[in-house]
Amino acid sequence: MTFSRDISDLSESLETLISEANETVLRKGLPPGVSPEDGCRVVSWSVEGTVLFLEVVSGPHVRAHEGMLRLRKFLGQRLGREHRVGLRKLVLDEYVVEFSLPAEPGGPVSIPFAHAVEIEGRTCRLVLRDVEDGFIQRGSVDRMVKRLIHKVEAQGYEGKGEYWSLIEYHGPKNMVWDRDPTEEMAARGWLKQGPTKGKWFYRPPLAAVMRTMERIAVEEVLLPLGFREVMEPHHVPFDVWIRTGHMEGVPNEIYYISEPRTRDPAAWEEFIDHVAITREVPQDILGGLLSPPNAGSCYAQCPIIYWSFQGETVADTEFPILVFDRTANSNRYESGGRHGIERVDEFHRIEPVYIGTPEQLKELRERLVERYRHVFNDILDLEWRMAWVTPFYLQQAGQTGGDTEEGDEHLKGTMDFEAYLPYRGTREESEWLEFQNLSIVGDKYTRAFNIKSQSGLELWSGCSGIGLERWTAAFLAQKGLDPGKWPEPFLKRLGDLPETIKTL
């Protein structure tokens, strides 16, 4: 700790104050009956001019960096009041954190800001050097420990299959064909590969099918349950994704957005000249005209819906809150994983979000499943199954494994609805298509966005993204492209299928 003047003459006062701190502020928060050795304490100190050097150790309860912050406040106030000395700066020359890992790492583990990460068995020794007080005030040390533990857990998950447990199966059904619908639609002119990767242009027949799927989802699932429509922006700022975990879990799948540094035409003159002359975009010039990204294109609609309630106190009568958005297209960088209309970089979906008490959401989930059963059985006549799976909110935070601590009730968790795709092979050996999900995520997001009720109710949330491409892919893979073989309840809602645009 650096002070405003030489404190060599204050050794006696420092001795008294440090002893007092060891007995008071550094023990604050220790559970009853816990040894003071498990708290935090100054074990040695010395003075050189304006600098007070301290060695602080701690047990598992009051961590050493927390103790240093308490010491800074305690000594700063007391020395300032009693000796007119100001505390100017706190720096941790070296900070060693030793903790247990959940398992032995399967490979090397590194982390930013660390001078060294030393691991022996399940014991990790994290060494930091020259740490400024702002770094520890922001809780960064705690998050470094948490991140190291998570990275070791992730190594343990590598190579393991995701959690999956069958709930119910509706089938088998007679399949009318075994062709890839995307390839057949491309041959018939129902769609065309988009101008950028992982995107499609849907021509009238396919657009009509997908709009019918949208109406079915809204009119047969959402409106009967009392959902109300909202309209949200397409751009998501980084701070929202930090709260939801997306910036940690899927930063490699986000499309980032950069704003122009200026709209001044004079600043863009050279860029425009190059384009006009070469008919190419000069990337080096463009880069200098753009601000660093501070947002991304919509990955899923739920983060912004949660953001819209951030810090709000909602009347108890509003719960459960039931809303949905269908305006923001989802964009995800799928790289080599794209295939057909079922795995794309840009897709159209409806995102229902629900916020309420655990009991309300449990009841809502049962009613949602009932409405989905009605659509998939009575309107689309699909062969499908439903299973408990790795929750999406863990996947998007880079985690795997089930979230089933509630036992057989699975109060928190994710259900996947999967459809058989005949063109992929047999039912037993082929990969089925996840074409619908339904999740209850507990208080993860209500807590992250500080959403409160009027009377302090326990609030949970969840969502159930409805992907129009996925519904359409499942339907056409089983029912083909001949409307004469489509179920009558679907045809009734579709009406006449538009002709495609003929090209030569």
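Fair warning: this is a prediction, and the values are worked out from it, not measured in the lab. (Residues numbered from 1 in each chain as written. Predicted model: local features only at pLDDT ≥ 70, side-chain atom pairs only at ≥ 80, totals over all residues. Heavy atoms only, no water.)

A. Quick peek at the packing of helix H6 (residues 204-222) against helix H12 (residues 358-379). Where H6 contacts H12, the two axes come as close as 9 Å, and the packing angle between them is 130°. Classified by the angle between their axes, H6 and H12 sit oblique to one another. For the pair H6 and H12, the crossing hand works out as right-handed. Along the contact surface, H6 presents Ile216, Glu220 and Val221, while H12 presents Leu368, Arg371, Tyr372, His374, Val375 and Ile379. (Axes fitted to C-alpha atoms, helices over the stretch in contact; angles between N-to-C directions. Helix = DSSP H or I, 4+ residues; strand = E, 2+ residues; numbered from the N terminus. Parallel < 35°, antiparallel > 145°, perpendicular 65-115°, else oblique. Left-handed = near helix turned anticlockwise from the far one by under 90°. Contact = heavy atoms within 4.5 Å.)

B. Expanded view of the environment of Asp38. Take Asp38: it is sitting in the loop between helix H1 (11-23) and strand S2 (40-48). For Asp38, a relative accessible area of 29% translates into the label partly exposed. A sequence separation of 22 residues divides Asp38 from Pro60, and the C-alpha atoms of the two residues are 6.0 Å apart. The contacts of Asp38, once residues within four sequence positions are left out, are Leu30, Gly59, Pro60, His61 and Val62. (Buried < 20%, exposed > 50% of the residue type's maximum accessible area, 1.4 Å probe, protein only.)

C. Region of interest: the side chain of Glu232. Mapped onto the elements, Glu232 comes out in the loop between strand S11 (228-230) and strand S12 (235-237). For the buried Glu232, which has no salt bridge, the nearest side chain bearing the opposite charge is Arg349, at an N-O separation of 8.6 Å. (Lys, Arg positive; Asp, Glu negative; His and termini not counted. Salt bridge = Lys/Arg side-chain N within 4 Å of Asp/Glu carboxyl O.)

D. Seen up close, the pattern of salt bridges. Applying the stated criterion across every chain yields a total of 28 salt bridges. Its salt-bridge partner being Lys173, residue Asp381 comes within 2.7 Å of it at the nearest N-O pair. Note that Asp381 is positioned in the loop between H12 and strand S20 (384-389) and Lys173 in the loop between strand S8 (164-170) and helix H5 (181-188), a separation of 208 residues in sequence. The partly exposed category is assigned to Lys173, whose relative accessible area is 25%.

E. Representation of the sheet that holds strand S5 (residues 91-100) within the structure. Reading across the sheet, the three strands line up as S5-S7-S6 and stay open at both edges, with antiparallel pairing between neighbours. Only two strands of the sheet have a single neighbouring strand rather than two, namely S5 and strand S6 (116-120). The mean angle between the axes of side-by-side strands here comes to 15°, regardless of whether they run parallel or antiparallel. (Pairing = 2+ DSSP bridges.)

F. Inspection of the environment of Pro36 at higher detail. Inspection of the secondary structure puts Pro36 in the loop between H1 and S2. Linking Pro36 and Trp388, residues 352 residues apart in sequence, is a C-alpha distance of 46 Å. Apart from the residues lying within four places of it in its own chain, the contact partners of Pro36 are Arg27 and Leu30.

G. Representation of unusual backbone geometry in the model. The step from Gly171 to Pro172 runs through a cis peptide bond, and the omega angle for that step is -5°. As for its placement among the helices and strands, Pro172 is situated in the loop between S8 and H5. A cis geometry characterises the amide bond from Phe319 onward to Pro320, with omega recorded as 0°. The residue Pro320 is located in the loop between strand S15 (313-314) and strand S16 (321-325) in this model.

H. How the structure looks around the sheet that holds strand S13 (residues 256-257). As summarised here, the arrangement of the three strands in space is S12-S14-S13, forming an open sheet in which the pairing is antiparallel. Strands with a single pairing partner mark the edges of an open sheet, and in this sheet they are S12 and S13. Two elements, S12 and strand S14 (residues 295-297), share three bridges in a ladder whose sense is antiparallel. Within the sheet, the bridge partner assigned to Val236 lies in S14 and is Gly296.

I. Layout of the pairing of S20. With six of six residues buried, S20 lies mostly within the body of the structure. Across the two faces of S20 the burial is the same, with Trp384, Met386 and Trp388 and Arg385, Ala387 and Val389 all buried. As paired strands, S8 and S20 are joined by six bridges and run antiparallel to one another. The partner of Ser165 across the bridge, within S20, is Trp388. Sheet topology note: the S20/strand S21 (residues 413-419) ladder contains six bridges and is antiparallel.

J. Quick peek at the state of the cysteines. Tallying each qualifying case throughout the model produces zero disulfides. Unpaired in terms of disulfides, Cys124 finds its nearest cysteine sulfur in Cys40, a separation of 20 Å. Residue classification places Cys124 among the buried residues on the basis of a relative accessible area of 0%. Unpaired in this structure, Cys298 has its nearest cysteine sulfur neighbour in Cys302, at a distance of 8.4 Å. Cys298 gets classed as buried once you look at its relative accessible area, which sits at 0%. (Disulfide = S-S within 2.5 Å.)

K. Focus on H12. End to end, H12 covers 31 Å across 22 residues, agreeing with the expected 32 Å (1.5 Å per residue, within 8%). Taken residue by residue, H12 has Pro358, Leu361, Leu364, Arg365, Leu368, Val369, Tyr372, Val375, Phe376 and Ile379 as its buried positions. Down the axis of H12, the smallest arc covering the buried residues is 155°, so these residues share one side. Along H12, exposed side chains directed more than 90 degrees from the buried face belong to Glu359, Glu366 and Glu370. Phi turns positive, to about 55°, at Asp381, one or two residues after H12. (Expected span 1.5 Å × (residues − 1). Arc of directions from axis to C-beta.)

L. Layout of a nonpolar patch on the surface. Nonpolar side chains collect at one region of the surface, where Trp164, Leu166 and Tyr169 lie side by side and expose about 300 Å² of accessible area between them. Assessed through its relative accessible area of 37%, Tyr169 is described here as partly exposed. (Patch = residues over 30% accessible without salt bridge, like charges linked within 9 Å, V, L, I, M, F, W, Y side chains within 5 Å. Areas by Shrake-Rupley, 256 points an atom, 1.4 Å probe, with all protein chains shown as cover.)

M. Region of the structure containing helix H2 (residues 64-83). Here H2 is 20 residues long and its end C-alpha atoms lie 26 Å apart, about the 28 Å a rise of 1.5 Å per residue gives. Residues of H2 that are buried: Ala64, His65, Gly67, Met68, Leu69, Leu71, Phe74, Leu75, Arg78 and Leu79. Just downstream of H2 lies Arg84, where phi reads positive at about 60°.

N. Representation of the packing of H1 against H2 within the structure. The geometry of H1 relative to H2 is characterised by a closest axis approach of 11 Å and an angle of 140° between their N-to-C directions. Regarding the angle of H1 to H2, the classification is oblique. Note that H1 runs across H2; the crossing there is right-handed. Contacts between H1 and H2 pair Ser13, Leu14, Leu17, Glu20 and Ala21 from the former with Leu71, Phe74, Leu75, Arg78, Leu79 and His83 from the latter. When grouped by side-chain class, the residues that make up the contact of H1 with H2 number seven nonpolar, two polar and two charged. (Nonpolar A, V, L, I, M, F, W, Y, C, P; charged D, E, K, R; others polar.)

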